[in-house]
Amino acid sequence: MYDKVKLWLPKSSTTPDISQFLDNAKEQTNLTTGEVCTFGGLNGLKVTANMGYLSIIGSLSKLLYPNNIYPLDRHTTSQAIEKLSDTLHLDMSHARVVGLEFGCCFAMKHPINMYLHRLGEMPKLSKGYFNDHSLYYQSKGNPPAKAFVFYDKKAEAKEKKMEIPTGFRDANLLKYEMRLNGKLSRQLKVPEVIASTLSEMDFYRLLVKRYQDGYFAITKLKQVKTNVMSKIRTVSDARDVFFARLINQGGETQIADFLEELKLEKVFNDRKSYTRLKDRLLEVAAKASVTTSDELTKELDDAIKNVGAYV
């Protein structure tokens, strides 16, 4: 399930001149320091080398396959790192991983936008849209240390003029990725993250769990049950049904918009009051006795659950 990675390796006196192994290798000289930087491509990877380090950024999947529709598991990731090492005549297994994308493409029954519209808020992360066929949840920073991204893979391929494999051309492809940047060992609470770590069983399982937990932390928009009237026994039940209908008909953005309006007016002195109010409103909107997950949400839930079967 690995795709794009960012690798960093310090250079030494034994590091070979990699320019001979790159596509369209070029050199750039800093006129102030005299430092020479070499950069070029390698099967779609961006490779940069200066006096102190070697940087490689791009899709590991493209080292083995003609596109990144097929994600790499821990075994094929090991093969990709080995191929990268052989091509550069340099052991890349000890390269530090400073960024990675972990995700999978899912063939869905319906157009991708229909699934995106069912995804609500995610705790502690900001929700936004890159365009009309993708959405993200991310932390602060540039780049953000953590992000969970959902998008229409075929729409992205069309924009980037990438070829879709024959077997997938008529499919609705939903890509869900977990993107991590920066000090990965601190984020994942492991001693270190180097290229060889990516193929370790325990580490791979850790990423699968973080990937799944990220998805299931997102609130899902629900459908109001058609037989809910028969469940009403008290005035409180009727009130909850009424508010659940209003929230679900308008979508959970109503809650976010209302909270933002309250914050602008500085209604509460204690900021925790906004969180408590949000939790109470979401509790009403998602009451099991009032709402139910629909077919599309269940389809996506099952797809994410099944990812664990491939560890």
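Rules and cut-offs
Residues numbered from 1 in each chain as written. Predicted model: local features only at pLDDT ≥ 70, side-chain atom pairs only at ≥ 80, totals over all residues. Heavy atoms only, no water. Pairing = 2+ DSSP bridges. Helix = DSSP H or I, 4+ residues; strand = E, 2+ residues; numbered from the N terminus. Axes fitted to C-alpha atoms, helices over the stretch in contact; angles between N-to-C directions. Disulfide = S-S within 2.5 Å. Core = buried A, V, L, I, M, F, W, Y, C linked by side-chain atoms within 4.5 Å. Buried < 20%, exposed > 50% of the residue type's maximum accessible area, 1.4 Å probe, protein only. Contact = heavy atoms within 4.5 Å. Polar contact = N/O pair within 3.5 Å; in protein donor to acceptor, adjacent residues only side chain to side chain. Phe/Tyr/Trp six-rings, centres within 6.5 Å; stacked < 30°, edge-to-face > 60°. Lys NZ or Arg CZ within 6 Å of the ring centre and 35° of its normal.

Visitor: Could you give an account of the sheet that holds strand β8 (residues 134–138), naming the residues involved and the relevant values?
Guide: Taken in spatial order, the 10 strands of this open sheet run β2-β3-β4-β5-β1-β6-β10-β9-β8-β7, and their pairing is antiparallel. Every interior strand has two partners, whereas the edge strands, β2 (23–29) and β7 (126–131), have only one. Each strand of the sheet is rotated relative to its neighbour by a mean of 15°, with strand direction disregarded. Sheet topology places strand β3 (residues 36–42) next to strand β4 (residues 45–49); 5 bridges connect them, and they run antiparallel. Paired with F39 across the two strands is T48, which belongs to β4.

Visitor: Provide a residue-level description of the state of the cysteines, including the pertinent values.
Guide: Per the counting criterion, the structure on display carries 0 disulfides. Looking at the unpaired C105, the closest cysteine sulfur is the one in C104, lying at 6.6 Å.

Visitor: Account for the nonpolar core, naming residues and giving values.
Guide: Grouped together as the largest cluster of nonpolar side chains are 61 residues, with contacts concentrated most on L7, L54, L88, M92, F102 and F150. Once residues within four sequence positions are removed from consideration, L88 is found in contact with P16, I18, F21, L22, L42, L54 and I56. Formed by 7 residues, the second largest nonpolar core is a distinct cluster that contains I247, L259, L262 and A285.

Visitor: How would you summarise unusual backbone geometry if you had to cite specific residues and measurements?
Guide: Generally, phi is negative for residues other than glycine and the peptide bonds are trans, each holding for most cases. Between N142 and P143 the backbone carries a cis peptide bond, its omega angle lying at 0°. As for its position among the elements, P143 is in the loop between β8 and β9 (146–152). Of note, the phi angle at N43 is positive, near 50°, even though the residue is not glycine. Along the chain, the position of N43 falls in the loop between β3 and β4. You can call N43 partly exposed: its relative accessible area is 37%. In this structure, K124 takes a positive phi of about 70° despite not being glycine.

Visitor: Explain the side chain of R118 to me, and be specific about the residues and the numbers.
Guide: For R118, the location among the structural elements is in the loop between α3 (112–116) and β7. Within the structure, R118 has its side chain in polar contact with the backbone oxygen of M114 (distance 2.7 Å). For R118, the contacting residues outside a window of four places in its chain are T219, K220, L221, D294, L296 and T297.

Visitor: So, the packing of aromatic side chains: which residues are in play, and what are the values?
Guide: For the structure on display, the rule yields 17 aromatic pairs. Taken together, a centroid distance of 5.7 Å and an interplanar angle of 65° make the contact between Y2 and Y204 edge-to-face. In this pair, Y2 sits in strand β1 (residues 2–10) while Y204 sits in helix α6 (residues 201–216), placing the two residues 202 residues apart along the sequence. The same class applies to Y2 as to Y204, namely buried. Here F242 and F243 contribute two aromatic rings whose centre-to-centre distance is 5.7 Å and whose plane-to-plane angle is 65°, an arrangement assigned as edge-to-face. We classify F243 as partly exposed; its relative accessible area is 40%. Each residue in the set Y2, F102, Y137, F148, F150, Y176, Y204, Y211, Y215 and F216 is aromatic and connected to the rest through ring pairs, giving one cluster. The ring of Y274 has K263 sitting right over it, with the charged end atom 5.9 Å from the ring centre.

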